[in-house]
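Given next are the chains, with one letter for each unit.
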Amino acid sequence: MITIIIVTFKSKKLIDDCINSVNNNYKIIVVENSSDVEFKSYLETKYKNVTCILTEKNLGFGKANNIGISYANTDYVLVLNPDAKLFPDTLSILETYIKKIDFAILGPHILNIKDNNKNYENFERSKNNTKSINDDLIPVDSIRGFAMLINKKKFKNEFFDENFFLYME
């Protein structure tokens, strides 16, 4: 139902934590903005659910995501930065939203942990949350690009503006 798209540029040192946070039942497409054949081989050998596409040069975040999205055979893609990690239930929660609401882009709530102090951005997630599925939806003007769920059916194969190399895509 969801394909994970991870755009990288020489991210070998941090991508394992990201991929390991994704249940291996989900397909992951890594778009590496280089010609690093060793990185591609490493990923595809270590992770059976990972396909790595080499762009041969650094095309930027937007264009590389568009490439990954075009390879995804699902209606929903989760664009995820290689330094992000998911909670074990993140994808199942997002799939619940897919079934319940009509949306173009969803951004998960964010938890940053810096210097061993928990710094919550947006909200503190409670394990005993008794709210209904729509109670914690918050309309926003923008979503942080490091983690966003895209409903491909809401776009006309135009996802990221490739005129922007990085940021504000």
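What comes next concerns the included structure. These numbers come from a predicted model, not from an experiment. (Residues numbered from 1 in each chain as written. Predicted model: local features only at pLDDT ≥ 70, side-chain atom pairs only at ≥ 80, totals over all residues. Heavy atoms only, no water.)

1. Focus: the nonpolar core
Core analysis: the largest hydrophobic core is formed by 29 residues, its most contacted members being Ile2 and Ile4. Elements supplying a minimum of two residues to this core: strand 1 (2-8), helix 1 (15-20), strand 2 (28-32), helix 2 (37-46), strand 3 (50-54), strand 4 (76-80), helix 4 (90-100) and strand 8 (147-151). If you tally residues by element for this core, the top one is helix 4, at four residues. Among all residues touching Ile4, those that are not within four sequence positions of it are Val22, Tyr26, Lys27, Ile28, Ile29, Leu78, Leu80 and Leu91. Counting residues in each nonpolar core, the second largest holds 13 residues, with Phe61, Ala64, Ile69 and Val79 among its members. (Core = buried A, V, L, I, M, F, W, Y, C linked by side-chain atoms within 4.5 Å. Buried < 20%, exposed > 50% of the residue type's maximum accessible area, 1.4 Å probe, protein only. Helix = DSSP H or I, 4+ residues; strand = E, 2+ residues; numbered from the N terminus. Contact = heavy atoms within 4.5 Å.)

2. Thoughts on the pairing of strand 3
Within a regular strand, side chains alternate between the sheet's two faces. Burial analysis of strand 3 places four of its five residues in the buried class, the great majority of the element. Bridge analysis of strand 2 against strand 3 gives five bridges, and the strand direction is parallel. Opposite Ile29, over in strand 3, you have Thr51 as the bridge partner. (Pairing = 2+ DSSP bridges.)

3. Remarks on the packing of aromatic side chains
Overall, the coordinates contain one aromatic pair when judged by the stated rule. Against the face of Tyr42 rests Lys12, its NZ or CZ located 4.6 Å from the ring centre. (Phe/Tyr/Trp six-rings, centres within 6.5 Å; stacked < 30°, edge-to-face > 60°. Lys NZ or Arg CZ within 6 Å of the ring centre and 35° of its normal.)

4. Side note on the pattern of salt bridges
The final tally for this structure, using the stated rule, is two salt bridges. The shortest N-O distance in the salt bridge between Asp16 and Lys46 comes to 3.6 Å. In this pair, Asp16 sits in helix 1 while Lys46 sits in helix 2, placing the two residues 30 residues apart along the sequence. Assessed through its relative accessible area of 17%, Asp16 is described here as buried. Close ionic contact of Glu44 with Lys40 constitutes a salt bridge, the shortest N to O distance being 3.0 Å. Taken as a pair, Glu44 and Lys40 lie in helix 2 at a separation of four residues, close to a single helical turn. Under the relative-accessibility criterion, Glu44 is labelled partly exposed at 28%. (Salt bridge = Lys/Arg side-chain N within 4 Å of Asp/Glu carboxyl O.)

5. Regarding helix 4
Considered for burial, the residues of helix 4 that qualify are Thr90, Leu91, Leu94, Glu95, Tyr97 and Ile98. Within helix 4, the buried residues cover an arc of 155 degrees as seen down the axis, which keeps them to one side. Turned more than 90 degrees away from the buried face of helix 4 sit Lys99 and Lys100, all of them exposed. Where helix 4 is buried, its residues contact strand 1, strand 4, strand 5 (105-106) and strand 8. (Arc of directions from axis to C-beta.)

6. Topic: the pairing of strand 8
Counting buried positions along strand 8 yields five of five residues, so the element is predominantly enclosed. Side-chain alternation along strand 8 places Ala147, Leu149 and Asn151 on one buried face and Met148 and Ile150 on a second face that is also buried. Bridge analysis of strand 4 against strand 8 gives five bridges, and the strand direction is antiparallel. Note that in strand 8 the partner of Leu78 across the bridge is Leu149.

These figures capture arrangement, not role.
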